[in-house]
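# Secondary and tertiary structure notes
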Amino acid sequence: MLDDLLKSLNHAELSFIAESDYGSDVERHRDALKQLIDVQHGVLTRGQHWHPYEVIELCAQSLKPGHEREFTACTLLVLRAVASGLDTHTDLDQKLADRAQDYDALPAEFRDAILDAYQRIDQ
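A brief look at the structure comes next. (Residues numbered from 1 in each chain as written. Predicted model: local features only at pLDDT ≥ 70, side-chain atom pairs only at ≥ 80, totals over all residues. Heavy atoms only, no water.)

## Here's the deal with the packing of helix H5 (residues 68-84) against helix H7 (residues 108-122)
- It is at 10 Å that the axes of H5 and H7 come closest, and there the two elements cross at 5°. If you check the angle between H5 and H7, you find them roughly parallel. Residues Glu 68, Arg 69, Thr 72, Thr 75, Leu 76, Leu 79 and Ala 83 of H5 pack against Phe 110, Ala 113, Ile 114, Ala 117, Tyr 118 and Ile 121 of H7.
- A breakdown of the residues in the contact of H5 with H7 according to their chemical character gives 9 nonpolar, 2 polar and 2 charged. (Axes fitted to C-alpha atoms, helices over the stretch in contact; angles between N-to-C directions. Helix = DSSP H or I, 4+ residues; strand = E, 2+ residues; numbered from the N terminus. Parallel < 35°, antiparallel > 145°, perpendicular 65-115°, else oblique. Contact = heavy atoms within 4.5 Å. Nonpolar A, V, L, I, M, F, W, Y, C, P; charged D, E, K, R; others polar.)

## Looking at the environment of Pro 107
- You can see Pro 107 is positioned in the loop between helix H6 (92-105) and H7.
- Residue class for Pro 107 comes out partly exposed when judged on its relative accessible area of 42%.
- C-alpha separation for the pair Pro 107 and Gln 48, spaced 59 residues apart in sequence, amounts to 30 Å. (Buried < 20%, exposed > 50% of the residue type's maximum accessible area, 1.4 Å probe, protein only.)

## A word on a negative patch on the surface
- A cluster of acidic residues, Asp 91, Asp 93, Asp 98 and Asp 122, forms a negative patch at the surface.
- Checked against the element boundaries, Asp 91 lands in the loop between H5 and H6. (Patch = residues over 30% accessible without salt bridge, like charges linked within 9 Å, V, L, I, M, F, W, Y side chains within 5 Å. Areas by Shrake-Rupley, 256 points an atom, 1.4 Å probe, with all protein chains shown as cover. Salt bridge = Lys/Arg side-chain N within 4 Å of Asp/Glu carboxyl O. Lys, Arg positive; Asp, Glu negative; His and termini not counted. Charge placed at Lys NZ, Arg CZ, Asp CG, Glu CD.)

## Overview of the packing of H6 against H7
- Relative orientation of the contacting elements H6 and H7 amounts to 165°, with a least axis distance of 11 Å. Regarding the angle of H6 to H7, the classification is roughly antiparallel. In terms of crossing hand, the pair formed by H6 and H7 is left-handed. Each of Leu 92, Lys 95, Leu 96, Tyr 103 and Asp 104 in H6 lies in contact with H7, whose residues at this interface are Arg 111, Ile 114, Leu 115, Tyr 118 and Ile 121.
- Along the lines of polarity and charge, the residues of the contact of H6 with H7 split into 7 nonpolar, no polar and 3 charged. (Left-handed = near helix turned anticlockwise from the far one by under 90°.)

## Overview of helix H2 (residues 11-18)
- Buried residues of H2: Glu 13, Leu 14, Ser 15, Ile 17 and Ala 18, and no others.
- Tucked into the core, H2 has its buried residues touching helix H1 (2-8), helix H3 (26-38), helix H4 (53-59) and H5.
- Measuring from the backbone nitrogen of Ala 12 back to the side-chain oxygen at the start of H2 gives 3.0 Å, which picks out Asn 10 as the cap. (Polar contact = N/O pair within 3.5 Å; in protein donor to acceptor, adjacent residues only side chain to side chain.)

## Observations regarding the pattern of salt bridges
- By the definition in use, this model includes 5 salt bridges.
- When the shortest N-O distance is used, the salt bridge between Asp 3 and Arg 80 registers 3.2 Å. Of this pair, Asp 3 sits in helix H1 while Arg 80 sits in helix H5; the two residues are 77 residues apart in sequence, bridging distant segments of the chain.
- Among the residues examined, Asp 3 registers a relative accessible area of 34% and is labelled partly exposed.

## Describing the nonpolar core
- Counting 35 residues, the largest nonpolar core has Leu 6, Leu 9, Ile 17, Ile 56, Leu 106 and Ile 114 as its most contacted members.
- Counting residues per element, the ones that place at least two in this core are H1, H2, H3, H4, H5, H6 and H7.
- Looking at which element gives the most residues to this core, the answer is H5, with 9 residues.
- Those residues within four positions of Ile 17 in sequence are excluded, and the remaining contacts are Leu 9, Leu 33, Val 55, Cys 59, Glu 70 and Cys 74. (Core = buried A, V, L, I, M, F, W, Y, C linked by side-chain atoms within 4.5 Å.)

Rendered as structure tokens:
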């Protein structure tokens, strides 16, 4: 689901994610997000911790009404980064507990994709 969701993000959605760091480095974050989607097929690499991973993490911190797609894409990217070993500082148990209400508020398709991603990491 993540790959299809990433490819379907429009300019406004990418801008919303890119603005997650209080509007700092928006263009640089948006360009890095486009590279991540168009060239890297959603796979973060070393050296991308600040651009774009910083805004990805921030966007995945809380669900903003009307931005369920962005929140879901960012959450799935964080989970992918943890699973790949790129992100070694995110505590998944804590993240799941902290975001449970947000996940419950998502459309079923998004909620289920996120919960499935957590389960795949735990296996």
